[in-house]
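# Descriptive analysis of the structure
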Amino acid sequence: MKKAGKFLGRIGIGALIIAILLGAGGTFYIKSYLPGTVAEKSFPQIDGEIKVEGLDGAVDVYRDKMGIPHIYASSLHDIYFGQGYVHAQDRFWQMDAWRHIGSGRLSEMFGEGQAETDAFLRTLGWRVTAEKEWENLGPESRAILLAYTDGVNAYLKDHDSEAVSLEYAILGLLSPDYKIEPWEPVHSLTWGKAMAWDLRGNMGEEIERAVLLKTFTPEQVAELYPPYPGDHPVIVNNIGEGTSATRPNQNASAFDVPNKTLAALEHNASLLDPALGPVGDGIGSNSWAVSGELTDTGMPLLANDPHLGIQMPSIWHQVALHCLPQNDECPLEVAGFSFAGVPGIIIGHNDKIAWGFTNVGPDVMDLFIEKVNPENPNQYEVNGEWVDFETREETINIVGGEPTTITVRLTRHGPVISDTYGPLKDKGAEGDTEFEAFKDRAGIDLPEQYVIALAWTALTPSTPFEAIWGFDKAQNWDEFRTAASNFHVPAQNLLYADIEGNIGYQMPGDVPIRKNGDGRLPVPGWTDEYEWTGFIPFEELPYTFNPAEGYIATANNQVPPGDYPYMITYDWDYGYRANRIVEMIKSAPGKIDIAYIQGMHGDSFNGSAPAIVPVLNSLALDPQLASVRDEYLADWDYQNRADSQQAAMYERFWWHLLQNTFNDDLPERYQTSGGSRWFEVTRNIINQMDSFWWDDKSTPEQVETRDDIFAASFAETISELEKDFGKDPAKWPAWGDLHTATFENGTLGKSGVGPIESLFNRGPFSTGGGQSIVNATGWDVGVSFEVDWLPSMRMIVDLGNLNNSVTVHTTGESGHAYHKHYADMSPLWAGVKYYPMWWEQDSIIEDAEGHLKLTP
């Protein structure tokens, strides 16, 4: 029941309602009445005519066989109005949940169980920042948001409660006082902050390094965070002229911040995981563009598959926006993927260019240790003087409960994130025995009282959506780059191709230049020694246009070459996916076509296996173990296909190998979960037979070597398989039997109440792929083989014939449970199959299952 309370409001209310729902009448209500009579109330009208206040002219919405809307109108106002209306038709519950996340108001929907999360969100101040962004927007951007907002509210005017979405029928039982509010432009802007947090970079690594340095030597920590491998590709090989800056002094002091403080920071950051998904090695994406020199059409092909947390419905809402006629006043003609709640197309193509995103992951977050005045806790030190914290009061309204008020403290660097909640007071106060123990250790120079403040570029007013609206109408590379200069955070690898045959790449974003330090550890905030002195100038950020190789590949790998003069981050993905993508482009048997790129999307080559399997195969094992190994792994092609027993055996062995090698050394909360970093760490020590990490610290009477750990891990693997599936290896599972994707509604689908979850969740679906594989279906060692990160969509744009482009996303276009387009894409996605990404109006009309006309 406590688990159910996480998103079901106050536990008392939840317990009463759940008891009713689990009775005989409740079971009928959930299994029969809700999926039928109630669910259908929310299904959108897709045919006929609806008169709507606020339009200048008619809007035509054609929905193709996958339910994807293609919107035609004669003015930009009506285009964005129509998109707002359609988003509300298909996904308003998702929009409503997202705006409550962005504003720190989840408690108003789900009760006191979300109050702590709201407190942290209010501390970060996403809504405050978004309101400043709204004030700073120019008239064109304001007009886009206002038109979109009017469209959303036009739909809400005639729809309420379960007529908007089935979830409101459940919410009405759990939070009967909840009322759907009108949409506001600032709600769209807050989602930019949520995405920036989702793609935030290295704050977790910064905390983890600080913890590990308490136990390990700097050299050992460096082994756990190795440099980017020299045999893996970077995105931009030649930066060009004009980069004359020098690196800052990298020698930051390693302050021994007590574990209690670091645990508080981690706890606060983790509060957003249930709503936005945890940060992990799977976050990222793949994209590549190949020039016409390499393709069968003589024109570029562009591919993209962003990797995000698994969820229901899909994070993406596919849509096309067409001005008809297209002219200077109404120039928009664009198709692709949007966020429900935000106008425009995030990733896709227009009539001249196409673009895709992968995450750069620059280090744009720093933790500053702020010295607090022991005699006045309302002050902190700046260059030898005490200054007052800036403060603001935040009232958190709780549905079914009493409001609570928190005081947010801000320093010159940003909000204080170490003491938002009651138990997390200023660190180092009298009686803090852990602090006293650390204080006496050699080299420690922490203040007696301190807090931790977060400096983060996303808390400076700027919105990525202005750049995106620029991409939507850009007609060439120069216009695309001009729009990219407005993309401040989260920094993305922007891949480009156009119908003139060009391909290009631009890294945008505000990347700090530090006076000292490298962002890898918390630093003192009471002097200017570690201040940000500015950002890398846009013209000196990496880019390339029509490179000699004839292709560009990005997969969260290192962007610039090693001699680039600025520090972007040390925490790149380690390039195993990028290496495989480049390898497949270079080894194509002929000219590359769409079918070949589809095969690349589905490629499941496991980049860890070439280093690991030969060692395992070389060991002298027990004869029975050796027989199984030789039958299954000796000739394995290292592909994690869904039907592969070899992959299932290997991944189970990899699980045990990582745990047996590292978990006896690492603190519990930092034990290995797998991914590209652990691929590289293991590859680096594989030939060090007596490495510190091989020895099992739980057996002090023995010093284990590499071969001991390999043999023990394989023995555990086979023992586990025999225990779970029997002695006959032929009956052991294939990888797809273990590695499945279940799409869960991000709120009620994680309620802990089976009948409610069954209304909204879909799956499991068997999948191939895995961690740091091109088919990037992530999972966590030590947790489960089940998918937790995935390619959230796959898109292939044919710049020679836009109507020939194909795509798929994870669930379906509709956010309405039991609608035919709620999960109709999931089998296609799991099988790496596609449907047409229609562009030409004749094709759209021919394939249409509905034509709705909105009229003034």
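Provided above is the structure to which this section pertains.
Let me begin by describing the structure that accompanies this report. In this text, all values refer to a predicted model and were calculated from it rather than measured experimentally.

### What to know about the overall build of the chain
Tallying secondary structure elements over the chain gives 27 helices and 30 strands in all. Counting every position in the chain, which comprises 856 residues, the buried fraction comes to 63%. At a minimum sequence separation of 6, the contacts of the chain that also span at least 24 residues come to 74%. When the accessible surface of the chain is summed, it comes to about 30,400 Å², and 49% of that surface belongs to carbon and sulfur atoms.

### Remarks on the packing of helix 7 (residues 139–157) against helix 9 (residues 185–198)
In contact at an axis separation of 8 Å, helix 7 and helix 9 are set at 110° when each is read in the N-to-C sense. Our classification of the angle between helix 7 and helix 9 gives roughly perpendicular. Note on element contacts: helix 9 touches helix 7 through Pro185, Ser188 and Leu189, opposite Leu145, Leu146, Tyr148 and Thr149. A class-by-class count of the residues in the contact of helix 7 with helix 9 yields five nonpolar, two polar and no charged.

### Side note on the packing of aromatic side chains
The geometry of two aromatic rings is summed up by the distance between their centres and the angle between their planes. Enumeration according to the criterion identifies 47 aromatic pairs in this entry. Between the aromatic rings of Phe357 and Phe487, the centroid separation amounts to 5.7 Å while the plane-to-plane angle is 80°, which identifies the pairing as edge-to-face. You can see Phe357 sitting in strand 9 (residues 353–359) and its partner Phe487 sitting in the loop between helix 16 (477–484) and strand 16 (492–498), a full 130 residues away along the chain. Seen in terms of ring centroids, Trp655 and Phe785 are 5.0 Å apart; in terms of plane orientation they differ by 55°. Their pairing is tilted. Of this pair, Trp655 sits in helix 21 (residues 645–662) while Phe785 sits in strand 26 (residues 784–791), placing them 130 residues apart in sequence.

### Description of empty space enclosed by the protein
Leftover empty space is mapped by rolling, across the atoms, a probe with the size of a water molecule. Taken as a whole and assessed by the stated rule, the structure comprises eight cavities of 30 Å³ or more. Looking at the largest cavity, its volume works out to about 210 Å³. Lining the largest cavity are 21 residues; nearest its centre among them are Met195, Leu199, Phe339, Phe357 and Gln492. For the lining of the largest cavity, the elements supplying multiple residues, two or more each, are helix 9, strand 4 (284–290), strand 5 (301–309), strand 9 and helix 15 (464–473). Partitioned by chemical class, the residues of the lining of the largest cavity number 14 nonpolar, seven polar and no charged.

### Brief notes about unusual backbone geometry
Omega for the peptide link from Val489 to Pro490 comes to 0°, which places this bond in the cis form. Summarising the element assignment, Pro490 is placed in the loop between helix 16 and strand 16. Positive phi, close to 50°, is recorded for Asn546, a residue that is not glycine. On the secondary structure map, Asn546 appears in the loop between strand 21 (543–545) and strand 22 (551–554). According to the relative accessible area criterion, Asn546 is partly exposed, its value standing at 34%. Despite not being glycine, Tyr818 shows a phi value in the positive range, around 80°.

### Here we look at the environment of Val152
Inspection of the secondary structure assignment puts Val152 in helix 7. Residue classification places Val152 among the buried residues on the basis of a relative accessible area of 0%. A sequence separation of 31 residues divides Val152 from Trp183, and the C-alpha atoms of the two residues are 6.6 Å apart. Here Val152 is in contact with Gly84, Tyr85, Ala88, Phe92, Met95 and Trp183, once residues within four sequence places are set aside.

### Section: the environment of Glu208
Looking at where Glu208 falls in the secondary structure, it is placed in helix 10 (residues 203–212). Sequence separation between Glu208 and Tyr670 is 462 residues; the distance between their C-alpha atoms is 7.2 Å. When neighbours within four sequence positions are excluded, Glu208 is seen to be in contact with Tyr225, Tyr670 and Arg677.

### Some remarks on the side chain of Thr569
Mapped onto the elements of the fold, Thr569 is located in the loop between strand 22 and helix 17 (576–586). Overall, Thr569 belongs to the buried group, its relative accessible area being 6%. At 3.0 Å, the side chain of Thr569 and the backbone nitrogen of Asp571 are in polar contact. Ignoring any residue separated from it by four or fewer positions in sequence, one finds Thr569 in contact with Gly361, Pro362 and Asp363.

The rules we used
- Residues numbered from 1 in each chain as written.
- Predicted model: local features only at pLDDT ≥ 70, side-chain atom pairs only at ≥ 80, totals over all residues.
- Heavy atoms only, no water.
- Helix = DSSP H or I, 4+ residues; strand = E, 2+ residues; numbered from the N terminus.
- Buried < 20%, exposed > 50% of the residue type's maximum accessible area, 1.4 Å probe, protein only.
- Contact = heavy atoms within 4.5 Å.
- Areas by Shrake-Rupley, 256 points an atom, 1.4 Å probe, with all protein chains shown as cover.
- Axes fitted to C-alpha atoms, helices over the stretch in contact; angles between N-to-C directions.
- Parallel < 35°, antiparallel > 145°, perpendicular 65-115°, else oblique.
- Nonpolar A, V, L, I, M, F, W, Y, C, P; charged D, E, K, R; others polar.
- Phe/Tyr/Trp six-rings, centres within 6.5 Å; stacked < 30°, edge-to-face > 60°.
- 1 Å grid on protein atoms, 1.4 Å probe; cavity = no way out; pocket = protein on both sides within 12 Å on 5 of 7 lines; lining within 4 Å.
- Points joined across faces, edges and corners; volume = space filled by probe spheres on them.
- Polar contact = N/O pair within 3.5 Å; in protein donor to acceptor, adjacent residues only side chain to side chain.

In short, shape yes, function no, at least from these values alone.
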